[in-house]
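What follows is each chain in one-letter form.
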Amino acid sequence: MNERLPMFPLNAVLFPGVTLPLRVFEDRYRAMVHHLLRQEEEDRHFGSVAIREGYEVGETGAQSLYRVGVKLLITEVEHHSDGSFDLEVLAVDRIRMDSLVSSGDFPVADVEDLPEDHVTVPSAVVDTARATFTAYRAALLEFRDDPFTGSLPKDPEFLSWTISATTPLPMPDRQALLEAPDAGVRLGMATDLLRAELKAMNVIPSLPATEVARTKWSPN
């Protein structure tokens, strides 16, 4: 389904099921929030894609954007006296962005839903991904907190999003995981990436990985 959404590019790759806080202080994104707050609560959606090159704020802003991102829903909002907002948002679906229009009060884009291909994932692929992610988390504990808490999902699709969202990987790798066509492909890619990280950690144990993603996984 095609629709026009307000857009808020970020210096991060987000995944369906992730919740995160957003601080909104720049005029164009404050205008976006005011627009969204005039909608019904269930319709307060906007889109986000990762910034390939550039910045979230400032006169120049983003110079190059990825095309595949997520649709976000505002779940909590706090309006401050200086006009800024603190939001909590939930990533609900993948989207593909067409051309971005920045000439209005806030950026907008025509987007289309990018639903997951539902496939049967072999149990061996699921078991290998779970075991590799568990080994990676155990190795990471020598250097920092566990990036994931709780029990790993049994459903392959949820598992693929969980591993992708909580593993600290460089942005291009995270974007490739987001764009993977189905859970089986994503779990295979994640397993290969985690094995490479484990190998690097064994060679240079003082440099385990990139910064842990500052997001929370939610199965909702």
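The structure contained in this document is the topic of the report that follows. None of the values given here were measured: they were computed from a predicted structure.

What follows concerns the packing of aromatic side chains. A full pass over the atoms with the stated rule returns 4 aromatic pairs. Plain terms: the ring middles of Phe 8 and Phe 46 are 6.4 Å apart, the flat faces sit at 35° to each other, and that makes the pair tilted. In this pair, Phe 8 sits in the loop between strand S1 (2-6) and strand S2 (18-24) while Phe 46 sits in strand S3 (residues 45-48), placing the two residues 38 residues apart along the sequence. A residue is classified by how much of its surface remains accessible, and Phe 8, at 5% relative accessible area, is buried. Ring centres of Phe 15 and Trp 161 lie 6.1 Å apart, and the angle between their planes is 50°; on these two criteria the pair is classed as tilted. Residue Phe 15 is located in the loop between S1 and S2, and its partner Trp 161 is located in helix H3 (residues 156-166); the two are separated by 146 residues in the primary sequence. Like Trp 161, Phe 15 is buried.

Let us now look at the side chain of Thr 132. Looking at where Thr 132 falls in the secondary structure, it is placed in helix H2 (residues 123-140). The exposure class assigned to Thr 132 is buried, which follows from its relative accessible area of 9%. When residues no more than four places from it in sequence are discounted, the contact partners of Thr 132 are Thr 191, Leu 194, Arg 195 and Leu 198.

On to the packing of H3 against helix H4 (residues 171-179), then. Contact pair H3 / H4: the axes reach a minimum separation of 10 Å and the direction vectors enclose 165°. What the angle tells us is that H3 and H4 run roughly antiparallel. Crossing geometry of H3 relative to H4 is assigned as left-handed. Of the residues in H4, those in contact with Trp 161, Ser 164 and Ala 165 of H3 are Arg 174, Leu 177 and Leu 178.

By secondary structure assignment, the location of Pro 16 is in the loop between S1 and S2. For the pair Pro 16 and Phe 158, spaced 142 residues apart in the sequence, the C-alpha separation amounts to 9.1 Å.

This paragraph deals with the side chain of Ser 160. Counting through the fold element by element, Ser 160 comes out in helix H3. At a separation of 2.8 Å, a polar atom in the side chain of Ser 160 contacts the main-chain carbonyl oxygen of Glu 157. Excluding anything up to four places from it in sequence, Ser 160 contacts Ala 183, Arg 186 and Leu 187.

Here the focus is H3. Across the 11 residues that make up H3, a large majority, 8, are buried. Capping of H3 at its N-terminal end is provided by Asp 155; its side-chain oxygen lies 3.0 Å from the backbone amide nitrogen of Glu 157.

Turning our attention to helix H1 (residues 27-37). Listed in full, the buried residues belonging to H1 are Tyr 29, Met 32, Val 33 and Leu 36. The arc enclosing the buried residues of H1, seen along the axis, measures out at 95°, which places them on a common side. For H1, the secondary structure elements touched by its buried residues are S1, S2, S3, strand S6 (68-79) and strand S7 (85-101).

Attention now moves to the pattern of salt bridges. The tally for this structure, following the rule as stated, stands at 10 salt bridges. Note that Arg 30 is salt-bridged to Asp 27, the shortest N-O span being 3.6 Å. One end of the pair, Arg 30, and the other, Asp 27, are both in helix H1, 3 residues apart, so they sit about a helical turn from each other. Among the residues examined, Arg 30 registers a relative accessible area of 23% and is labelled partly exposed. Because the salt bridges share partners, they merge into one network encompassing Glu 3, Lys 71 and Asp 113.

Rules used in this analysis
- Residues numbered from 1 in each chain as written.
- Predicted model: local features only at pLDDT ≥ 70, side-chain atom pairs only at ≥ 80, totals over all residues.
- Heavy atoms only, no water.
- Phe/Tyr/Trp six-rings, centres within 6.5 Å; stacked < 30°, edge-to-face > 60°.
- Helix = DSSP H or I, 4+ residues; strand = E, 2+ residues; numbered from the N terminus.
- Buried < 20%, exposed > 50% of the residue type's maximum accessible area, 1.4 Å probe, protein only.
- Contact = heavy atoms within 4.5 Å.
- Axes fitted to C-alpha atoms, helices over the stretch in contact; angles between N-to-C directions.
- Parallel < 35°, antiparallel > 145°, perpendicular 65-115°, else oblique.
- Left-handed = near helix turned anticlockwise from the far one by under 90°.
- Polar contact = N/O pair within 3.5 Å; in protein donor to acceptor, adjacent residues only side chain to side chain.
- Arc of directions from axis to C-beta.
- Salt bridge = Lys/Arg side-chain N within 4 Å of Asp/Glu carboxyl O.

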